Amino acid sequence: MGNKRTGSVTGPLVALMTMVMLAGCASNIPIEDRHPDDPWEGFNRQVFAFNDALDRAVLKPVSRGYRTVTPQPVQTGVGNFFSNLGEPRTALNSLLQGKPGNAGIATSRFLINTTVGIGGLWDFATHMDITGRDEDFGQTLGIWGVGEGPYLVLPLLGPSTVRDTAGLPLDTYTYPLTYVEDDKVRYGLTALRVVDMRAGLLDQEEMIRGDRYVFIRDAYLQRRRFEVSDGVLGDDPFASDDYDFEFDDADFDDSDFAD
């Protein structure tokens, strides 16, 4: 079944790598003004503007509608279902990182939530105080000593780094939805997952002000470094509610994205 998906994954990956190679030529920002972690800022801002326009036109309105019409218990169940599907990936990456304890926790969570939790709709494992850290292949590469590389904004997918982008194919192949053979079911579940994730970010937008591109870039890099280091860098910057950030339509001026 895995081989059946190879053709559908290879094409976009080749296009993505081509864009990455061209990214260094896409920036018109003077070298002395570039952020050290973001040498391709000109290219990234253009992709960010594209993603943002698509989000405003389609994804954000749909997500708002989803949150309005869907009862909170149902939203929680949907989020639990997709989170549960990520446990096998966490278990595998935990083993690759030399963390058998976390691998055991992820395996236990998957088995408990899939059975007692009715296919993962109910996070029964958390009620049993069985919790661990999520792990992915980008984090595994970081543990193995691979540098994160430049910051990169991917079309449709959003913030990333070269290292995290390299881990995406393996993340895809270890996510169970990849192996659903019925295209309508697979695409439908994928769309629901995206909408549910976007709906979960609506409230977090209250933290943003000023240059949204810079805020999202810095927040992403800080969060990923926290995850790769397992918190050695300090407290999770997103675990606290002590934020006083806000934004309005003036912060969304398209001129912010011009080179």
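Structure's up top.
Described in the following lines is the structure provided in the data block. Since the model is a prediction, treat every value here as computed from it, not as a measurement.

Each value, and the rule that gives it
- Residues numbered from 1 in each chain as written.
- Predicted model: local features only at pLDDT ≥ 70, side-chain atom pairs only at ≥ 80, totals over all residues.
- Heavy atoms only, no water.
- Phe/Tyr/Trp six-rings, centres within 6.5 Å; stacked < 30°, edge-to-face > 60°.
- Helix = DSSP H or I, 4+ residues; strand = E, 2+ residues; numbered from the N terminus.
- Buried < 20%, exposed > 50% of the residue type's maximum accessible area, 1.4 Å probe, protein only.
- Lys NZ or Arg CZ within 6 Å of the ring centre and 35° of its normal.
- Patch = residues over 30% accessible without salt bridge, like charges linked within 9 Å, V, L, I, M, F, W, Y side chains within 5 Å.
- Areas by Shrake-Rupley, 256 points an atom, 1.4 Å probe, with all protein chains shown as cover.
- Salt bridge = Lys/Arg side-chain N within 4 Å of Asp/Glu carboxyl O.
- Core = buried A, V, L, I, M, F, W, Y, C linked by side-chain atoms within 4.5 Å.
- Contact = heavy atoms within 4.5 Å.

**Looking at the packing of aromatic side chains**
Working step 1: One pass over the full model with this rule turns up five aromatic pairs.
Working step 2: When the centroid spacing of 6.3 Å and the interplanar angle of 75 degrees are considered together, the rings of tyrosine 151 and tyrosine 213 count as edge-to-face. One end of the pair, tyrosine 151, is in strand S1 (residues 151-154); the other, tyrosine 213, is in helix H10 (residues 212-228), with 62 residues separating them in the sequence.
Working step 3: Relative accessible area serves as the criterion here: at 1%, tyrosine 213 is assigned to the buried category.
Working step 4: Ring pairs connect the aromatic residues Phe48, Tyr151, Tyr213 and Tyr220, which therefore count as one cluster.
Working step 5: One Lys or Arg, arginine 186, reaches over the ring of tyrosine 187 and ends 4.9 Å from the middle of that ring.
Working step 6: The ring centre of tyrosine 175 lies 4.2 Å from the NZ or CZ of arginine 193, which sits over that ring.

**Topic: a nonpolar patch on the surface**
Working step 1: A surface patch of nonpolar side chains, amounting to about 580 Å² of accessible area, comprises Phe50, Leu54, Val58, Val62, Leu156 and Leu157.
Working step 2: On the basis of relative accessible area, phenylalanine 50 is assigned to the partly exposed category, the value being 46%.

**Digging into the nonpolar core**
Working step 1: In terms of nonpolar packing, the biggest core is built from eleven residues, these being Trp40, Phe43, Val47, Phe48, Tyr151, Leu152, Val153, Leu154, Tyr213, Tyr220 and Leu221.
Working step 2: Among the elements that take part in this core, S1 stands out by supplying four residues, more than any other.
Working step 3: Valine 153 has contacts with Phe43, Asn44, Val47, Phe48, Asn51, Gly158 and Tyr213, leaving out every residue within four places of it along the chain.
Working step 4: Counting eight residues, the second largest nonpolar core, distinct from the first, contains Tyr66, Leu85, Leu177 and Ala199.

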